[in-house]
Amino acid sequence: MSSIDTEATISYEEVLESFDPVMGLEVHVELGTNTKMFCGCATEFGAEPNTQVCPVCLGLPGALPVVNEKAVESAIRIGLALNCEIAQWCRFARKNYFYPDMPKNFQTSQYDEPIAFEGYLDVDLDDGSTYRVEIERAHMEEDTGKSLHVGGSTGRIHGATHSLVDYNRAGIPLIEIVTKPLRGAGERAPEIARAYVATLRDLLKALDVSDVKMEQGSMRCDVNLSLMPKGSTTLGTRTETKNVNSLRSVERAVRYEMCRHGAILQAGGSILQETRHWHEDTGVTTSGRPKSDADDYRYFPEPDLVPVAPPQERVEELRATLPEPPAQRRKRLQSDWGFSDLEMRDVLNAGLVDLIGSTVEAGATPAGARKWWSGEIARRANTDGAVDVATYAVERGITPAHVVELEGLVKGGRLNDSMARQVWEGVLDGEGTPTAVADARGLELVQDDGALEAAVDTVIAANPEVAQKVRDGKVQAAGALIGQVMKEMKGQADAGKAREIILAKLTG
Amino acid sequence: MAELTRDDVAHLAGLARIDLSDAELDKMVGELGIILESVAVVQQAPIEGVEPMSHPMPIVNVTRPDVVRPSLAADAVLAGAPAADQQRFSVPRILDED
Ligand SMILES: [Zn+2]
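Here the structure is a predicted model, which is why all the values come from computation and not from measurement. (Residues numbered from 1 in each chain as written. Chains lettered and ligands numbered in written order. Predicted model: local features only at pLDDT ≥ 70, side-chain atom pairs only at ≥ 80, totals over all residues. Heavy atoms only, no water.)

Colleague: Now, about the overall build of chain A: what can you tell me, with residues and values included?
Modeller: Summing up its helical and strand segments, chain A has 19 helices and 15 strands in all. Its C-alpha radius of gyration of 31 Å places chain A more than 25% over the 23 Å reference for a compact globule of 508 residues. Seen through its principal axes, chain A has C-alpha atoms that stretch 95 × 55 × 50 Å. A burial count over chain A gives 49% of its 508 residues as buried. (Helix = DSSP H or I, 4+ residues; strand = E, 2+ residues; numbered from the N terminus. Rg over C-alpha atoms; globule rule 2.2 N^0.38 Å. Buried < 20%, exposed > 50% of the residue type's maximum accessible area, 1.4 Å probe, protein only.)

Colleague: Before we move on, could you go through helix H4 (residues 189–207) of chain A and cite the residues and values that matter?
Modeller: For H4 of chain A, spanning 19 residues, the distance from its first C-alpha to its last is 27 Å, which sits close to the expected 27 Å at 1.5 Å a residue. Just past H4 of chain A, the residue aspartate 208 of chain A takes up positive phi, approximately 60 degrees. (Expected span 1.5 Å × (residues − 1).)

Colleague: So what about the coordination of the zinc ion? Which residues, and what values?
Modeller: Each protein donor to the zinc ion is listed here as Cys39 of chain A (SG), Cys41 of chain A (SG), Cys54 of chain A (SG) and Cys57 of chain A (SG); together their distances run 2.3 to 2.4 Å. Around the zinc ion sit 4 donor atoms; with metal-centred angles ranging over 98 to 115 degrees, the donor geometry is tetrahedral. (Donors = N, O, S within 2.8 Å, 3.2 Å for Na, K, Ca; no water. Tetrahedral: all angles 85-135°; square planar, octahedral: opposite > 155°, others 65-115°.)

Colleague: Could you give an account of the nonpolar core, naming the residues involved and the relevant values?
Modeller: Residues and elements named next belong to chain A. Ile177 and Tyr196 are the most contacted members of the largest nonpolar core, which has 89 residues in total. Filtering out sequence-adjacent residues up to four positions away, isoleucine 177 remains in contact with Leu25, Glu26, Val27, Val29, Ile78, Leu82, Ile135, Arg137, Ala138, Tyr196 and Leu200. Residues Leu333, Met344, Ala364 and Val423 belong to the second largest nonpolar core, which totals 33 residues. (Core = buried A, V, L, I, M, F, W, Y, C linked by side-chain atoms within 4.5 Å. Contact = heavy atoms within 4.5 Å.)

Colleague: Got a sec to walk through the interface of chain B and chain A? Specific residues and values, please.
Modeller: Each side of the interface is counted separately: chain B has 32 residues, and chain A has 51 residues. Buried area between chain B and chain A, both sides added, is near 3,500 Å², and the carbon and sulfur share of it is 60%. For the pair chain B and chain A, the interface holds 0 salt bridges. If you look at where chain B meets chain A, you find 19 residue pairs in polar contact (both at pLDDT 80 or more). Mapped onto the side of chain B that touches chain A, the elements with two or more residues apiece are strand E1 (63–64), helix H3 (74–78) and strand E3 (88–92) of chain B. A per-element tally of the side of chain B that touches chain A places E3 of chain B first, with 5 residues. In terms of residue class, the side of chain B that touches chain A is made up of 18 nonpolar, 8 polar and 6 charged. Two strands pair when backbone bridges link them, and strand E9 (residues 162–166) of chain A and E3 of chain B are joined in this way by 4 bridges, in the antiparallel orientation. When the sheet's bridge partners are listed, histidine 162 of chain A is paired in E3 of chain B with proline 92 of chain B. (Buried area = accessible area lost by both parts, 1.4 Å probe. Salt bridge = Lys/Arg side-chain N within 4 Å of Asp/Glu carboxyl O. Polar contact = N/O pair within 3.5 Å; in protein donor to acceptor, adjacent residues only side chain to side chain. Nonpolar A, V, L, I, M, F, W, Y, C, P; charged D, E, K, R; others polar. Pairing = 2+ DSSP bridges.)

Colleague: How would you summarise the domain arrangement of chain A if you had to cite specific residues and measurements?
Modeller: For chain A, the domain assignment lists domain 1 (12–298), domain 2 (327–412) and domain 3 (449–507). Here the C-alpha centroids of domain 1 of chain A and domain 2 of chain A sit 35 Å apart. (Domains from an automatic or database assignment.)

Colleague: Outline the sheet that holds strand E4 (residues 93–96) of chain A, listing residues and values.
Modeller: All names here are of chain A. Spatially, 3 strands are ordered E5-E4-E15 in an open sheet, and the strand pairing comes out antiparallel. A strand with exactly one partner marks an edge of an open sheet, and here the two such strands are strand E5 (106–109) and strand E15 (300–301). Here E4 pairs with E15 via 2 bridges, running antiparallel. Bridge pairing in E15 places alanine 93 opposite proline 301.

Colleague: Give me the side chain of arginine 276 of chain A: which residues, what numbers.
Modeller: Residue and element names in this part refer to chain A. Tracing the chain through its elements places arginine 276 in strand E13 (residues 274–279). Within the structure, arginine 276 has its side chain in polar contact with the side chain of glutamate 7 (distance 2.8 Å). Setting aside its immediate chain neighbours within four residues, arginine 276 contacts Glu7, Thr239, Glu240, Thr241, Lys242, Glu257, Arg260, Thr285, Thr286, Ser287 and Gly288.

Colleague: Summarise the packing of helix H10 (residues 366–373) of chain A against helix H13 (residues 400–411) of chain A; cite the residues concerned and give the values.
Modeller: Residues and elements named next belong to chain A. Viewed as axis vectors pointing N to C, H10 and H13 meet at an angle of 115 degrees, and their least axial separation amounts to 10 Å. Overall, the two elements H10 and H13 adopt an arrangement that is roughly perpendicular. The interaxial crossing formed by H10 with H13 has right-handed handedness. Mapping the contact onto sequence places Gly368, Ala369, Trp372 and Trp373 in H10 and Pro400, Val403, Leu406 and Glu407 in H13. (Axes fitted to C-alpha atoms, helices over the stretch in contact; angles between N-to-C directions. Parallel < 35°, antiparallel > 145°, perpendicular 65-115°, else oblique. Left-handed = near helix turned anticlockwise from the far one by under 90°.)

Colleague: Please give an account of the side chain of serine 249 of chain A that cites residues and values.
Modeller: Residue and element names in this part refer to chain A. Turning to its location among the elements, serine 249 is positioned in helix H5 (residues 247–266). With a relative accessible area of 0%, serine 249 lands in the buried category. Reaching out from serine 249, the side chain makes a polar contact with the side chain of serine 246 at a distance of 2.9 Å. Setting aside its immediate chain neighbours within four residues, serine 249 contacts Val244, Trp278 and Glu280.

Colleague: Outline a nonpolar patch on the surface, listing residues and values.
Modeller: On the surface, a nonpolar cluster with roughly 250 Å² of combined accessible area is contributed by Phe98 of chain A together with Leu12 and Leu15 of chain B. Counting through the fold element by element, phenylalanine 98 of chain A comes out in the loop between E4 and E5. (Patch = residues over 30% accessible without salt bridge, like charges linked within 9 Å, V, L, I, M, F, W, Y side chains within 5 Å. Areas by Shrake-Rupley, 256 points an atom, 1.4 Å probe, with all protein chains shown as cover.)

The structure is reproduced here in structure tokens:
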């Protein structure tokens, strides 16, 4: 990484004093179809190089592409979910360029007739406000091959002597979602960029059209950024930072480019319109290739493919398959479950929403579902390196019904809270259902009030000073006595009942 | 229409990675010129009020189901490659070249 020269930047505060950022975000999503956009080759991630290619995706002479029906449907569903208009008639176009990642020497894309256009996505920000991101278009295209640059030290293009190309990815269906220039974001620009990509990711996941794994490249973001001097309405020259592949990087890349542009403009320089490369490790962008006449892609309608003209009824059928938008669903569930913002955020971060949902449906209280699926099981899942709690639970045969049963044992008065915790640990250890664990471990509250009263008497006699405090009206001192009683009862007592008896004896 | 120059052909050959000798360049300037001239005849067609056609047949929505079909074997894929390494197409490095 020695070849990267660090460019001048100014502080974020300085940028905001003099400039307003304008952003445009382009997100590429690989669809989760079984086959490629125009041929029947498989799309499995991580296959041996060049084993998922055929004459069509290699662009061999005479090969005839045919559109993947599922990919078109996914594109329409994405467009609808983004509140877009769906084209009644549109075509594919050839984007001509010479670059070895596309063996055909053109990429089949859409040009001035995107399948979806003019939409928006509302994005919730941390401060509780909402920012509306206007969507310019969502169009269908195909992914390119993957190049491995060899001869250099880091696998990067600089210093490489040659490149090795694998075409397994070439032809995988992509949807490119392009925003309109986002103005007025001000200091929130980096946060908005991140929140937009996160919201879009959640939406695509809910649509079940892509696995949206940024780290595997199935969702990639290009960040266009320019600065306008405050008070100006003329757009500045923009740079396009390519392949920003994590939510955190989206935020950092916007911020970095703002500070870099700011330094150049403040020194009286001008921005070079170019592609920039984002470096996740160092948190900077470096110059890629300048925009030039090589960007004349000579688009023309693809003669090997016929137009796509989705009938209105079909579009409406697809609209009916749209899931409740994730942000809306979250709000509804939070209100249904009565969770605080903090509780809901924890539940979301832990990926527990669906599990809690099915547990509540099975008859548990939301608070109980949240309590038992967080805590101990989350700790164990984490220790065992499980992907998430839900996967961990399924692997161990632990179901929502177990939580319902455990809660029932507490409500029915058989277990107190600390016993329930022991029982749950037994369940997680694979000892069986909550009832079976409670039976096997002999866990059961003593229902005999006589034994409890005797224990209270013993404890009061042994702690005369504490007892006196309670008699004098310091009710909170009773806590110490309750602890003693529970100890005396070897934990098998109802703490609430113990408290009642203590107070009755000392203050009643 | 502007005349095709020898520089144009050299530039195109470079983009397409076709190695042309000086003699071949001279020959191609002439041949491509004739092709362009011949095709240019269509520019005289009266197209006022005629929609551009991108496909000869008035059909739409030709699709295929999302079902996997066999791909080629990797050695068949690479058979036409000038160079291959690690089961991949080996190509000259791309940047800093024109
Ligand atoms: Zn193929």
